[in-house]
Amino acid sequence: MTHVVPAVTSTRPQTPAAAPDEGVRSIHGRAPARRAAARRVAIPYAFLAPGFVLFAALIIYPMIRAFQMSFYDWRVVAGATSDFIGWQNYVTAFHDPIFWRAFANSGAYMAMTVPPQIVLGLLVAMLLNAKAPGRAVYRLLFYLPVVTSWVVVSLLFQYLFANAGLVNYVLHGAHATNGATSWLSGRWTAMVAISALGIWKGIGWSMMIFLAALQGVSRDLEEAALVDGAGRWRRFTTVTLHAIWPATIFVTVMLVIGGFNVFTSVLLMTGGGPADQTQVLLTFMYEQAFKYLDFGYGSAIAVLLTIVVFALSVVQLRVFRNRTLT
Amino acid sequence: MKRTTARWAIPVATALFAALALSACSSSPAKSSASGPVTLTFWGTYGNGGNKAQTDVLSQTIIPAFEKAHPNIKVNYVDVPYDSLLQKLTTSAAGGQLPDLVRSDIIWVPKFANLGVFAQLDGKMPNFNTLAQATYPGTLSTNKWQGHYYGLPLDTNTRVLITNQSALASAGLSTPPATFADLQTDATALAAKKIPVFADSGLQGWNILPWIWSGGGQITNADLTQATGYLNSAQSVAAVQMLVNLYKEGEIPNLLIGNKGAVSTQDGLPKGNYANILDGPWMKAIWAGQYQSFQPVYSPMPAGPGGSISVVGGEDIVMTASSKHQDAAEQFIAFTQSSVYQLSMAKTGQMSVVSSLDAQEAAASPELAPYIKQLQTARSRPAVPDEPQIDTALQDDLVPAFEGKVTVQAALDKAAKDIDPLLTATK
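About the thresholds
- Residues numbered from 1 in each chain as written.
- Chains lettered and ligands numbered in written order.
- Predicted model: local features only at pLDDT ≥ 70, side-chain atom pairs only at ≥ 80, totals over all residues.
- Heavy atoms only, no water.
- Pairing = 2+ DSSP bridges.
- Helix = DSSP H or I, 4+ residues; strand = E, 2+ residues; numbered from the N terminus.
- Axes fitted to C-alpha atoms, helices over the stretch in contact; angles between N-to-C directions.
- Contact = heavy atoms within 4.5 Å.
- Buried < 20%, exposed > 50% of the residue type's maximum accessible area, 1.4 Å probe, protein only.
- Domains from an automatic or database assignment.
- Buried area = accessible area lost by both parts, 1.4 Å probe.
- Salt bridge = Lys/Arg side-chain N within 4 Å of Asp/Glu carboxyl O.
- Polar contact = N/O pair within 3.5 Å; in protein donor to acceptor, adjacent residues only side chain to side chain.

1. Side note on the sheet that holds strand β10 (residues 312-319) of chain B
Residue and element names in this part refer to chain B.
Then comes step 1: The strand order across the open sheet formed by five strands is β2-β1-β3-β10-β6, and the pairing between neighbours is mixed. The outermost strands of the open sheet, each flanked by one partner alone, are β2 (73-79) and β6 (152-158). When the angles between neighbouring strand axes are averaged without regard to direction, this sheet yields 20°.
Then comes step 2: Across the face of the sheet, helix α3 (residues 82-95) comes into contact with β1 (38-44) and β3 (101-105) while running at roughly 130° to β1.

2. Brief notes about the environment of A:Ile194
Residues and elements named next belong to chain A.
Then comes step 1: Relative to the elements of secondary structure, Ile194 occurs in helix α8 (residues 187-215).
Then comes step 2: On the accessibility criterion, Ile194 (0% relative accessible area) is buried.
Then comes step 3: As a C-alpha pair, Ile194 and Ser265 span 71 residues in sequence and 6.6 Å in three-dimensional space.
Then comes step 4: Contacts of Ile194, omitting those with residues within four sequence positions, involve Tyr109, Ser265, Val266, Met269 and Thr270.

3. Looking at the sheet that holds strand β8 (residues 276-279) of chain B
All names here are of chain B.
Then comes step 1: The strand order across the open sheet built from three strands is β8-β7-β9, with neighbouring strands paired in antiparallel fashion. Two strands lie at the open edges of the sheet, namely β8 and β9 (296-299), each paired on one side alone. Between one strand and the next, the sheet's axes are offset by a mean angle of 35°, whatever the strand orientation.
Then comes step 2: Across four bridges, strand β7 (residues 160-164) lies against β9 in antiparallel orientation. Each bridged residue has a counterpart across the sheet, and for Asn164 the counterpart in β9 is Pro296.
Then comes step 3: Against the sheet, helix α12 (residues 283-290) touches β7, β8 and β9, its axis set at about 170° to β9.

4. Observations regarding the pairing of β8(B)
All names here are of chain B.
Then comes step 1: Side chains of β8 alternate between two faces, with Asn276 and Leu278 and Ile277 and Asp279 buried alike.
Then comes step 2: As defined by bridge partners, β7 adjoins β8 across four bridges and the pair is classed as antiparallel. Residue pairing in the sheet places Leu161 in a bridge with Leu278 of β8.

5. Quick look at the domain arrangement of chain B
One frequently used descriptor of interface size is the decrease in accessible area upon assembly of the parts.
All names here are of chain B.
Then comes step 1: According to the domain assignment, chain B consists of domain 1 (6-157 + 313-374) and domain 2 (160-310 + 386-424).
Then comes step 2: Computed from C-alpha coordinates alone, the two centres of domain 1 and domain 2 are separated by 32 Å.
Then comes step 3: Taken residue by residue, the interface counts 11 residues in domain 1 and 18 residues in domain 2.
Then comes step 4: In total, about 1,200 Å² of surface goes out of reach between domain 1 and domain 2, with carbon and sulfur atoms giving 66% of it.
Then comes step 5: The three residues of domain 1 that bury the most area against domain 2 are Ile107, Tyr371 and Gln374, which together make up 50% of that side's buried surface.
Then comes step 6: Linking domain 1 with domain 2 are one salt bridge.
Then comes step 7: Residues Lys111 and Asp386 are paired through a salt bridge, measuring 3.6 Å at the closest nitrogen-oxygen approach.
Then comes step 8: Between the two partners, domain 1 and domain 2, sit four residue pairs in polar contact (both at pLDDT 80 or more).

Take a look at the structure:
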C-alpha cells in the first residue's frame, strides 16, 4: 500500500507569491494594506452578523427579558409600570405545592420516557441496520411518528386511553384488567398514558441518530472480535456500544432536555388536570402567564426550569466524560 | 481569487443585515387619515367552532346596516377562535397592537379593566346610562369593576337542564327532574339501567354554582370581598354533598372531576349515555348537525331550597383604551344594543341582553323560551380580575371531596380560604 501525501487544499496564498505583492504595497503606502487587513478581519463578522442579530433578537433578548420579568409584578400592557418585588415570585414558587407537583411530574415523565427511547431506539436501529428486504420502508415507518403533529397524536392518544378507548378494550379482552380503568382521571395512570405517547413518538428520532452512528462502527473490529470468538452480546458491548458511545451521550442529553420540556401532549391529553394532578412545569408556566396573566410568576418558573435543565445537562456531560467503556 | 471574494462579500453581508433589520421594522402600523372614513377593527369569537350562521349574520346583515347608518365608519370584523382570544389579547396588549372593539367573554372584563386595557364607558359615553338600564342587571354587572363600567352586555346565555327523554323512559320516568329530590329519586331508577342521572364536565363556577345557588348557598358576600362564611355555609355544603353522594354511587360519571377520557356531555346526552345535562342554547345547533334525530327536552335548573337558579354566561362589548377612534367605537357599541343587532343574533342562538326585547325574541325563536325564563333569576360569577383563579380553586379543592379523600365541608372550607385573597387582589 502506497502512502500518498495529501494535497494542500488551503486557499491561503503561498508565501513566495504573496511576498512581491506585499513589497509593492510597502513602496506605494501602508493604507491599502491596512484596509485589506481590516477587510479580512471584517468578513467573518459580516457573515455572522445576520445570524447573530436573529439569535440576539429572538433568543437572547427574550431570555434576558424573562429573567428581568421574574423579579417584577409584571403588568403586561405596553408602557405600564411594573412593581419590582425582588425574589417574591421565586419564593411563591418554592411555597407552591402545584409547582413542586409539576416539577415532580416533569421529572417522572423524563424518567419514564428517556430509558425506553434509548433502549428501543437502539434496538430498532440495530435491526434496521442489518441488510433486510423492506429496510427503507421500516425506517420510514418508525420515523413517521417523529414528523407527525403533536396535536394530532395527542388527541389520538386521548381517544386510545379514554374510558371507552381501545387500550381498555384490548386489556379487557386479554383479561389483564376489568376494562374500566379511567386512565386520564388519576395522576399516575394519566402520566403513563402521556409517557406512552412520548415514547412512541420519540423512538424514531433516537433510532435515526443511532442508525447514523452504527454506520461508523468499524467492520474490521467486528470481524476481529468474531475471529477472537466473541459472541453476539460480547461484540455488542465491546465493539458496537463503544463506537456509538458519543451518539448515546448526545441522545441521552437531548432526550433529558426534551423530557423536562414536555408540553403539548399534557396540555391536550389532560390539560394538567384533574385538579392540577398532571401539571408539568411548562403547562403550569403557560397557565400562570396566559390564563392568569401573571407573567412575573410565569417567568420565574421558566427561569427555574432553565436552571434545572442546564444543571442536569452539565452533570450528564461530566458523568459521561469521566466514564469510559471497557 | 481571494480579493474577488472580499469585494462582494461585505456588500452581500451588509445587504443581508440591512434586509433583516428593515424587515423587522416594517410592521409598524400606518396612521389613519384624520379626514377620511374611519375603520374600526372588531375582534370577536362569533365563528368559534365553525359557527358560520353567526359570522354570516354579522357580515351580511348587522355590519352593512351599521355602515349604512354611519357612512363615515367602516367595521372590519376579525374572527378569533375562543381558545386563542385571551392569549391574543394579552400579547397584543403587551405589543400595543389592540383593536378598537372586542367581544369579550364576561369573565375577562374586570381583569383587562384593571390592567387598563379596556376603556371606562360610564361618564364618557353620552348615552351609556340609558343603554345600561335597558339590559338585564345580572349581565350588566359583569362589566363593573371598582365602581365603573368598562363595557355593555352584548349577548347572554345561561344553562338549563337538557334531557334525553328516551333515557328517562327506559327507566320508567316521564318528566325531567324539577327538584333536587326528583333528581335523587330519578338517579335510583336510572341506576338499574346503568345510566347516570346527570353529567357535567367540571367543577368550576360555571358548573357548580347553579347547584350551590339553587341549594340556598352563596359563593361570596354581596360586596364580593369574602367567600368564607358563604361558600362553606351549611346550605352550600348540603348542595355539594348531594352531588358527591350521586357521584360515589356512580350516578354522575367522572367526567365531572375533569377526566378528559370520559364521554363528553355533547355526545353522551344524545347517545343516551347520560339522562340529563346542564348546557346553553348553542347545543341545539350542534346536535342539529351531528344527531339529527335527537329531540332534546329543555326545562329549568332543578330547584333546591334556594329556588331554580342558574349561571349567567355570555359576552360583553368593550372598547380598548388605546383605540384612536373612540367616538366611532362608542357609536358601534350603542348600535350593538339596537333591536337589529340583538334580534338578528338571537336567531343564531346568541340571546338578547335587552330585557324589553324578550317577547319579540321568544316569538322569533321559541326554543329560547326556557333560557329567557331561566335568565330572570340567573346570577353572574364574581366579577373580579382573578375570576379564572377562583374557577381553578373551586375545581382543585372540590375534586378531592368527590374522590372521597376529604369531606365536603373540608373541601369548601379550603376553597373559601383560597378564594378570599383572590377577591380582593388587584394585581
